[in-house]
2 protein chains.
Amino acid sequence: MEPVFEFPIVFDDRLQAGRMRQLHEQLRAAILDQRLRQGTSLPSTRDVAASCRVARNTVIAAYDLLIAEGYALPRKGARAVVADIATRRVSKPRRLTAAHGDARMNPAWGAASLQPQPPRDLPERSFRLGIPEHRHFPHAAWRRLSAQSLRAWSKTPFSYAPSEGLPLLREAIAQHVAFARAVACRSDDVIVTSGAQQAFDLLARLLVVPRRTRVAIEDPGYMPLRSAFAAAGARLVPVPVDDEGMCVDRLPKDVRVISVTPSHQSPTGVALSSRRRLQLLEFARNHGAVIIEDDYDGEFRFGGRPLDALQTLDGDALVFYVGTFSKSLFPGLRKGFVVAPPWARAALVGVKHCADSHSDTITQSVLAAFIREGHLARHVRRMRPIYAARREALLDGLRRELGDWLEPIASEAGLHLAVRVREPQLFARILGQAQRFTPGVQSTDEYSSKPLAVPALVFGYGVIDVEAIVPALMRLRRALTR
Amino acid sequence: MEPVFEFPIVFDDRLQAGRMRQLHEQLRAAILDQRLRQGTSLPSTRDVAASCRVARNTVIAAYDLLIAEGYALPRKGARAVVADIATRRVSKPRRLTAAHGDARMNPAWGAASLQPQPPRDLPERSFRLGIPEHRHFPHAAWRRLSAQSLRAWSKTPFSYAPSEGLPLLREAIAQHVAFARAVACRSDDVIVTSGAQQAFDLLARLLVVPRRTRVAIEDPGYMPLRSAFAAAGARLVPVPVDDEGMCVDRLPKDVRVISVTPSHQSPTGVALSSRRRLQLLEFARNHGAVIIEDDYDGEFRFGGRPLDALQTLDGDALVFYVGTFSKSLFPGLRKGFVVAPPWARAALVGVKHCADSHSDTITQSVLAAFIREGHLARHVRRMRPIYAARREALLDGLRRELGDWLEPIASEAGLHLAVRVREPQLFARILGQAQRFTPGVQSTDEYSSKPLAVPALVFGYGVIDVEAIVPALMRLRRALTR
């Protein structure tokens, strides 16, 4: 006797529920997820009884229960049919469209800028920004350490972990930043977050009094950070950026939080000059402001010695140093951290606790082992010359092929390079061609809420092969000379 | 020649930085993380040159750089000493103490209730609440699927994932809740979160207009949810709970969000009666309110058939159904989800995007495979009789040993059981003895911001062996009869 449903009916005698309940539940589930569609008539109780090897009364009882619950409709002298469960759970379509207008939601979330951008349709290898190379990642080491952590963890009882992060990971991060970035900290200063974005979100919620606190952001600057502060109710103050980085002398006296990317400005790539660093710290000191130092891709340096991090220069516990493993390892890891000044640490841990209790334990312990065993340092060391070669190819190609139109903005770090257009009136045309022949290229306008006076193009080299760079630039030149 | 420092000096010729810079950086790092302490005099340049096999001028240059940067102090005719770097980065101690009072922080985070509780010092096996059994978890299957996911993922380029979660996981969750909880949803309705706590936090931020929105919470109720709403600026309305669950007729007309635990009230364990469920949905419909249905441990049922979830009964897209894998699998996983009504979905994804971009990709894909291969359903099925036996032992023991003092509150699900004290004036004494002889037991007072009129004791049975239950209760009886 072949099955009467398109899905198997399985009975498990270990279950407390008897066969009638089990049959009922499986049919109800099938109706709910529409494996049994509205209007289908249920097979005869006799057939079901035969194919499932249960008493016919069992099937009748299960059907009765479905009918009693409104999942099925009886029909005089005919077999019961699956009811229209949609009527049991309408989702008013107008609401779908009026989502953000819905009075039941905090209007703060209405802003389109807070919506994730639909993923751009780009080839796997392109000039796109913000994504590191996956080809040279030590996957085998990561797999080995995962298996190791999982085995160790299978022997320890389940529980919740500290909100600030696993001690081993905080220790590993403290040593990593002390060495790699000369950021002076102990593991107590480190709070593990789910990527830099959560760090920005937690800091925004901690530091912003809605509709009161003025927050200075770089313009152009990293938009998701801006979103986190906007969502927290900050009054945003865009501050222009020049070849020395954020124009510190343009900071209004009443800003209380200053967010900056000193090692490699996002997106222009310039470094905040020593002069400006000291000026910025002095401003914060004198006006009771705090600084958020976003060091998102500073591990990759191609020039001389790095300038000291603001956190290193800071003598007054004014700086929150934010780091991430999204560029040095991979974004899907969702691991970042804040090196927080002592006065703010307890409260920041409170925000993290409220936000998601803590970050997932297993990934934390794998990452801790990965850093402790030196894989992070080794991977960064391995990648630096690879990115350096791509950067060189990009600079050479830009000079040789496009020197008449484009002029790179000096930069010594990171995974992307910004270039100015010599004749601003040509910007739109060049951008259009660039997006066609060097896919992934962006305009710095995308990093500002309003069009910039002098926009620039940004080329990423995280996921493009060195051999592919010059040919792409040549195609762009040909298109421009046509 | 033996080493001159207590730590190795390692040169890597693949680095761009020359030996001088490498030596300088390693010494600076050692000073910053205090492997070289303030006041230590640096070994002579001659010794360092010999032991590190570099030219003496290299060492002199490195020392000069340290001195120039203020990490070391020159001494006339003597060797340079490590400077007091503390003076370079003071953290004003008064700030440490005055943390929450600090004017630079949003006072909302001052509330002590928002701070994580220090972990309670309990034996591994105890009557503690909220932690599931780890001994029967299918660790081998989890390890196998992790290795599998990591291998698959090593072949795909890195990128950021959708904020709402991986499609495969949302699909798996939709089928799981449709079957296990008769919650009607498609994968589009599911938003993956970092545990139920993040679900509460995202919903609080989405639904609350600070200082305006009134939010009804169960009293007693789950405190971390309360914290999330308090932090979002909600005006909290505690609503009493009786043997039918939340007293719906006590809801003020102007509440706009109602948070409830219908399957197994946290912490009393009662189920919200059918009558109240319909009453609650009607209230929400009539007053334009929404409902948050927190189904934290409803997978574990020991009685007759479950009542339909509010989400299942809801015909008007009023219910946000929140689920978690912290009880059915393990808390460190930090994975939960929201089944959201269509009108709120886009905005809720926006909040998630702003909060942390998305949850970590690898854990998501392992969990998806784990559910898809039926391990979750199997594990829940395996654990149900184990928890049921503990619950039976607890009920029998309470009746036989402590029936004169204690009276269980009827409950058919979950991992804990609440009991009333027959003579309220004895509550304090009995609680004191219980915490001593049945460690992990809590008072429902801990689930309320003010002392309850009739508090109860709560016994968890997630991490206690069936054999240990009755002996513990006997010891408690002896203590009480003494």
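Sequence order as written defines the numbering, with residues in each chain counted from 1. Chains carry letters from A onward and ligands carry numbers from 1 onward, assigned in written order. Reporting in this predicted model follows two pLDDT cut-offs: at least 70 for local features of residues, and 80 or more for side-chain atom pairs to be given and counted; totals over whole chains, interfaces and linings ignore these cut-offs and use all residues. Just so you know, side-chain values use all the structure's heavy atoms and leave hydrogens and water out.

Novice: Just give me the short version of the overall build of chain A, but keep the residues and values in it.
Specialist: Helices and strands together make up the secondary structure of chain A, namely 15 helices and 14 strands. Considering only C-alpha atoms, chain A reaches an extent of 90 × 60 × 50 Å along its principal axes. Exposure is judged per residue with a 1.4 Å probe applied to protein chains only, and the accessible area is read against the type maximum: over 50% gives exposed, under 20% gives buried, and values in between give partly exposed. Out of the 482 residues in chain A, the part that is buried amounts to 61%. Residues are treated as being in contact if the distance between any of their heavy atoms lies within 4.5 Å. Taking the intrachain contacts of chain A between residues at least 6 apart in sequence as the baseline, contacts between residues at least 24 apart amount to 71%. Roughly 18800 Å² of accessible area belongs to chain A as shown, and the carbon and sulfur atoms make up 54% of that amount. The secondary structure listing takes helices from DSSP runs of H or I that are at least 4 residues long and strands from runs of E that are at least 2 residues long, numbered from the N terminus. Note on areas: Shrake-Rupley, 1.4 Å probe, and residue coverage restricted to the protein chains presented here.

Novice: Which residues make up the packing of helix α7 (residues 195–207) of chain A against helix α11 (residues 342–356) of chain B, and what values do they have?
Specialist: The interhelical angle for the contact between α7(A) and α11(B), taken along N-to-C directions, is 95°, at an axis separation of 5 Å. By the angle class used here, α7(A) and α11(B) are roughly perpendicular. Contacts between α7(A) and α11(B) pair A:Q197, A:Q198 and A:D201 from the former with B:H353, B:C354, B:A355 and B:D356 from the latter. Residues are grouped as follows: nonpolar covers Ala, Val, Leu, Ile, Met, Phe, Trp, Tyr, Cys and Pro; charged covers Asp, Glu, Lys and Arg; every other residue, Gly included, is treated as polar. Across the contact of α7(A) with α11(B), the residue classes tally to two nonpolar, three polar and two charged. For helices, the axis comes from a line fit to the C-alpha atoms of the stretch in contact; other axes are also lines fit to C-alpha atoms, and the angle between any two N-to-C directions lies between 0 and 180 degrees. Note on terminology: angles under 35 degrees are roughly parallel, angles over 145 are roughly antiparallel, angles of 65 to 115 are roughly perpendicular, and the others are oblique.

Novice: Hey, could you go over the side chain of A:D308 for me, with residue numbers and the actual values?
Specialist: Within the fold, A:D308 resides in the loop between β8 (290–294) and α10 (310–313). Whenever a nitrogen or oxygen atom comes within 3.5 Å of another N or O atom, the pair is scored as a polar contact, on the condition that within protein one atom can donate a hydrogen and the other can accept it, and that pairs from neighbouring residues in sequence are kept only if both atoms are in side chains. Within the structure, the side chain of A:D308 is placed 2.8 Å from the side chain of B:R28, a separation counted as a polar contact.

Novice: I'd like a description of empty space enclosed by the protein, backed by residues and values.
Specialist: Two kinds of site are reported from a 1 Å grid over the protein atoms alone, namely cavities, where a 1.4 Å probe fits but cannot get out, and pockets, open sets with protein on both sides within 12 Å along at least five of seven lines, and residues are called lining when an atom falls within 4 Å of a point. Grid points are joined across faces, edges and corners, and a volume is the space filled by probe spheres set on the points. Applying the stated criterion across every chain yields a total of seven cavities of 30 Å³ or more. Space inside the largest cavity adds up to approximately 160 Å³. As for the largest cavity, its lining consists of 15 residues, and the residues nearest its centre are A:S146, A:I362, A:T363, B:I362 and B:T363. If you list the elements that add at least two residues to the lining of the largest cavity, you get α5 (139–154) and α12 (361–372) of chain A together with α5 (139–154) and α12 (361–372) of chain B.

Novice: How would you explain the interface of chain B and chain A if you had to name every residue and give the values?
Specialist: Opposite the 118 residues of chain B that make contact, chain A presents 119 residues. A buried area of about 10100 Å², summed over both sides, lies between chain B and chain A, and 59% of it is on carbon and sulfur atoms. A carboxyl oxygen of Asp or Glu within 4 Å of a side-chain nitrogen of Lys or Arg is what we treat as a salt bridge. Two residues, A:D308 and B:R28, come together in a salt bridge whose shortest N-O distance is 2.8 Å. The tally of links from chain B across to chain A stands at 25 residue pairs in polar contact (both at pLDDT 80 or more). With 12 residues, α11(B) is the single largest residue contributor to the side of chain B that touches chain A. Of the residues that constitute the side of chain B that touches chain A, the class distribution is 55 nonpolar, 32 polar and 31 charged. Once two parts are joined, some of their accessible surface, as seen by a 1.4 Å probe, is lost; buried area is that loss totalled over both.

Novice: Summarise helix α9 (residues 274–287) of chain B; cite the residues concerned and give the values.
Specialist: Residue and element names in this part refer to chain B. Between the first and last C-alpha of α9 there are 20 Å, a value that for 14 residues agrees with the 20 Å anticipated at 1.5 Å per step. Of all the residues in α9, the buried ones are R276, R277, L280, L281, F283 and A284. In a view along the axis of α9, the buried residues occupy a sector of 155°, so they form one face of it. Set apart from the buried face of α9 by more than 90 degrees, the exposed residues are L278 and N286. Buried positions along α9 lie against β5 (235–242), β6 (245–246), β7 (255–260), β8 (290–294), α10 (310–313) and β9 (319–324). Just past α9, the residue G288 takes up positive phi, approximately 60°. To estimate the expected span of a helix, count its residues, drop one, and scale the result by 1.5 Å. The directions considered for the arc run from the helix axis to the C-beta atoms.

Novice: Go over the pattern of salt bridges, please, and point to the residues and values.
Specialist: Under the definition given, this model contains 52 salt bridges over all chains. A:E401 is paired through a salt bridge with A:R400; the nearest N and O atoms lie 3.6 Å apart. Here B:D243 makes a salt bridge to B:R420, at a shortest N to O gap of 2.7 Å. Taken together, the residues span a long stretch of sequence, with B:D243 in the loop between β5 and β6 and B:R420 in strand β12 (residues 416–421) at a distance of 177 residues. According to the relative accessible area criterion, B:R420 is partly exposed, its value standing at 26%. Within this structure, A:E124, A:R125, A:E133, A:R135, A:R390 and A:D465 form a network of salt bridges that share partners.

Novice: Lay out a positive patch on the surface with the relevant residues and their values.
Specialist: Where like charges cluster on the molecular surface, the positive patch consists of A:R211, A:R212, B:R211 and B:R212. Note on placement: B:R212 falls in the loop between α7 (195–207) and β4 (214–219). Overall, B:R212 belongs to the exposed group, its relative accessible area being 57%. Each patch is built from residues that are more than 30% exposed by relative accessible area and take part in no salt bridge. Like charges join if they lie within 9 Å; nonpolar side chains (Val, Leu, Ile, Met, Phe, Trp, Tyr) join within 5 Å. In this charge count, Lys and Arg are treated as positive and Asp and Glu as negative; neither His nor the chain ends contribute. Taken as the charge centre is NZ of Lys, CZ of Arg, CG of Asp or CD of Glu, depending on the residue.

Novice: Lay out the nonpolar core with the relevant residues and their values.
Specialist: Residues belong to a common nonpolar core when they are buried Ala, Val, Leu, Ile, Met, Phe, Trp, Tyr or Cys residues joined through side-chain atoms within 4.5 Å. A:W142, A:L457, B:W142 and B:L457 are the most contacted members of the largest nonpolar core, which totals 138 residues. When neighbours within four sequence positions are excluded, A:W142 is seen to be in contact with A:F137, A:F330, A:L333, A:V366, A:L367, A:F370, B:L150 and B:I362. A:V349, B:L206, B:V257 and B:I292 belong to the second largest nonpolar core, which has 74 residues in total.

Novice: Can you tell me about the packing of aromatic side chains, naming the residues and giving the values?
Specialist: For any pair of aromatic rings, the description consists of the separation of the ring centres together with the inter-plane angle of the planes. Here a Phe, Tyr or Trp ring, Trp counted by its six-membered ring, pairs with any other such ring whose centre lies within 6.5 Å, and the pair is stacked when the planes are under 30 degrees apart, edge-to-face when over 60, and tilted otherwise. The final tally for this structure, using the stated rule, is 34 aromatic pairs over all chains. Ring plane angle 85° and centroid distance 5.5 Å describe the contact between A:F127 and A:F459, whose orientation is recorded as edge-to-face. One end of the pair, A:F127, is in the loop between α4 (93–97) and α5; the other, A:F459, is in strand β14 (residues 456–460), and 332 residues separate them in sequence. Across the pair, A:F459 and A:F127 agree in class, each one buried. Ring-pair connections join several aromatic residues into one group, and the members of that group are A:F137, A:W142, A:F330, A:F370, B:W153 and B:F158. Above the face of the B:W343 ring, A:R104 is positioned so that its terminal group lies 3.7 Å from the ring centre. The criterion for a charge sitting over a ring is simple: Lys NZ or Arg CZ within 6 Å of the ring centre, and within 35 degrees of the ring normal.

Novice: So, the sheet that holds strand β14 (residues 456–460) of chain B: which residues are in play, and what are the values?
Specialist: Residues and elements named next belong to chain B. Across the sheet, which stays open at both edges, the four strands sit in the order β11-β12-β14-β13 with antiparallel pairing between neighbours. Since the sheet does not close on itself, it has two edges, and those belong to β11 (406–408) and β13 (442–443), each with one partner. Bridge count between β13 and β14: two bridges; the pairing is antiparallel. Paired with S443 across the bridge in β14 is L457. The strands touched by helix α14 (residues 427–437) within the sheet are β11, β12, β13 and β14, with β14 carrying the most contacts at an inclination of about 20°. When DSSP finds two or more bridges between a pair of strands, those strands are recorded as paired.

Novice: Help me get a handle on the environment of A:E299, residues and values and all.
Specialist: All names here are of chain A. The residue E299 is located in the loop between β8 and α10 in this model. Along the primary structure E299 and E373 are separated by 74 residues, whereas in three dimensions their C-alpha atoms are 18 Å apart. Beyond its immediate sequence surroundings of up to four residues, E299 is in contact with H176, T324, S328, V380 and R384.

Novice: I'd like to hear about the relation of the copies chain B and chain A, residue by residue, with values.
Specialist: We place the copies in one frame by least squares, fitting the C-alpha atoms of every residue whose pLDDT is at least 70 in both. The two copies are related by a screw operation: chain B maps onto chain A through 180° of rotation and 0.0 Å of translation along the axis, at an RMSD of 0.1 Å. Accordingly, the operation relating the two chain copies is best matched by a two-fold axis. Most of the interface of chain B is mirrored in chain A, where 99% of its interface residues are also at the interface.

So far we have only geometry, and geometry alone does not tell us how the molecule works.
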